[in-house]
Amino acid sequence: MNDSTSCAVSEAPRDQLAAQLAESVAAALSADLATQERALLVVSGGSTPVPFFHRLAAMDLPWQRVDVTLADERWVAEDAKDSNARLVHENLLQGPAAAATFHSLTTADGTPEIGAPEVAKRIACLPWPASMVILGMGSDGHTASLFPDSGELGLALSTDEATVAVRAPSVPQPRITLSAGLLHQARRHVLHIAGDDKRAVLARAMAGDDVRELPIRAFLACPLAVYWAP
């Protein structure tokens, strides 16, 4: 595991980390686009990636050849204030990066259970393996929408399907997530987290092997670059 904690030493460590991650992602996309027509980037929502999105959006890349999708999404309208799609549109698909093609994880269906098959077909058409999957992590050890208290966790960890509809007592809205199997289909994996509490959760995860307790453990066996700042 590559721990980038030593890089977070500037006056604004989270901004410094965002810049370093943006450079790494841009380099990965450039390398893959040198040998293939299109490249796929899978990102996560939340507040942590916003500075990284701003930095990446300004990178000089052939964005018209880049596909972007999400690791997971709340089953809400794309323009809802808590939509990950809205977050990506407002913070990543700006400037040069506005030329990228975004692929949402929602449909007009009333529930993710109904919409998941259509989303799975949409996602299956993307240029896998992804160049990079950028994961976040909650204080409960969840990543994407793989929640420890979700009844669908076992399915999301084991299925060959691309997407899984998720409901969990710990979150107010139903969600849709890319399955662990599909998320594993990337050339590079990054965990982007901030704060001492998240670092402590990661340390707990690394000290055990029960994936159902801390689902982030499903990705610790991958070559995983950890980008952390205080």
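Given the structure is predicted, the values throughout are model-derived calculations rather than measurements.

Within the chain, the regular secondary structure consists of 7 helices and 10 strands. The contacts in the chain between residues at least 6 apart in sequence include a share of 73% that link residues at least 24 apart. Of the roughly 9,700 Å² of accessible surface on the chain, 51% is carried by carbon and sulfur atoms. In the chain, 18 side chains carry a positive charge and 27 a negative one; their mean positions are 1 Å apart.

The next point concerns the environment of Leu40. Among the secondary structure elements, Leu40 is positioned in strand β2 (residues 39-43). Contact partners of Leu40, with chain neighbours within four places excluded, come to Asp67, Val68, Thr69, Leu126, Pro127, Trp128, Ala130, Ser131 and Met132.

Looking now at the confidence of the model for the chain. Predicted confidence across the chain gives a mean pLDDT of 95, with 95% of residues reaching 70 or more. Low confidence marks residues 4-10, where pLDDT is under 50. Its contacts with residues over four positions away, or in another chain, come to 13 contacts.

The next point concerns the sheet that holds strand β7 (residues 163-166). Pairing within the open sheet is antiparallel, and its 3 strands lie in the order β4-β8-β7. Two strands in the sheet have a free side with no partner beyond their single neighbour: β4 (72-74) and β7. Within this sheet the neighbouring strands show an average axis-to-axis angle of 15 degrees, counted without direction. Looking at chain direction, β4 and strand β8 (residues 175-178) are connected through 3 bridges and run antiparallel. Pairing of Asp72 across the sheet is with Thr177, part of β8.

With that settled, consider the UniProt feature "domain: Glucosamine/galactosamine-6-phosphate isomerase" (unreviewed entry) in the chain. According to UniProt, the "domain: Glucosamine/galactosamine-6-phosphate isomerase" (unreviewed entry) feature falls on residues 14-220. Annotated as residues 14-220, this span is 34% helix and 16% strand, and its ends, taken at the C-alpha atoms, are 23 Å apart.

Quick look at the pairing of β8 now. Burial along β8 is two-sided: the face carrying Arg175 and Thr177 and the face carrying Ile176 and Leu178 are both buried. Pairing of β7 with β8, which is carried by 4 bridges, proceeds in the antiparallel orientation. Following the sheet pairing, Val164 is matched in β8 by Thr177.

A word on the side chain of Asp32. Secondary-structure assignment places Asp32 in helix α1 (residues 13-33). Note on Asp32: relative accessible area 6%, which makes it buried.

Running from amino to carboxyl end, α1 crosses helix α2 (residues 50-57) at an angle of 45 degrees, the nearest separation of the two axes being 8 Å. When the axes of α1 and α2 are compared, the pair comes out oblique. Like other packed secondary-structure pairs, α1 and α2 cross with a definite hand, here right-handed. For the pair α1 and α2, contact is made by Asp15, Ala18, Ala19, Leu21, Ala22, Val25 and Ala26 and by Pro51, Phe52, Arg55 and Leu56, respectively. Here the residues of the contact of α1 with α2 sort into 9 nonpolar, no polar and 2 charged.

A few words now on helix α3 (residues 84-91). Within the sequence span of α3, burial applies to Asn84, Ala85, Leu87, Val88 and Asn91. Taken down its axis, α3 places every buried residue within 160 degrees of arc, on the same side. Packing partners of the buried residues in α3 comprise β2, α2, β3 (66-70), β4 and β5 (101-103). Where α3 begins, the capping side chain belongs to Ser83, and its oxygen is found 3.1 Å from the backbone nitrogen of Ala85.

What counts and how
Residues numbered from 1 in each chain as written. Predicted model: local features only at pLDDT ≥ 70, side-chain atom pairs only at ≥ 80, totals over all residues. Heavy atoms only, no water. Helix = DSSP H or I, 4+ residues; strand = E, 2+ residues; numbered from the N terminus. Contact = heavy atoms within 4.5 Å. Areas by Shrake-Rupley, 256 points an atom, 1.4 Å probe, with all protein chains shown as cover. Lys, Arg positive; Asp, Glu negative; His and termini not counted. Charge placed at Lys NZ, Arg CZ, Asp CG, Glu CD. pLDDT = per-residue confidence, 0-100. Pairing = 2+ DSSP bridges. Axes fitted to C-alpha atoms, helices over the stretch in contact; angles between N-to-C directions. UniProt positions renumbered as here; feature names shortened; annotations may be inferred. Buried < 20%, exposed > 50% of the residue type's maximum accessible area, 1.4 Å probe, protein only. Parallel < 35°, antiparallel > 145°, perpendicular 65-115°, else oblique. Left-handed = near helix turned anticlockwise from the far one by under 90°. Nonpolar A, V, L, I, M, F, W, Y, C, P; charged D, E, K, R; others polar. Arc of directions from axis to C-beta. Polar contact = N/O pair within 3.5 Å; in protein donor to acceptor, adjacent residues only side chain to side chain.

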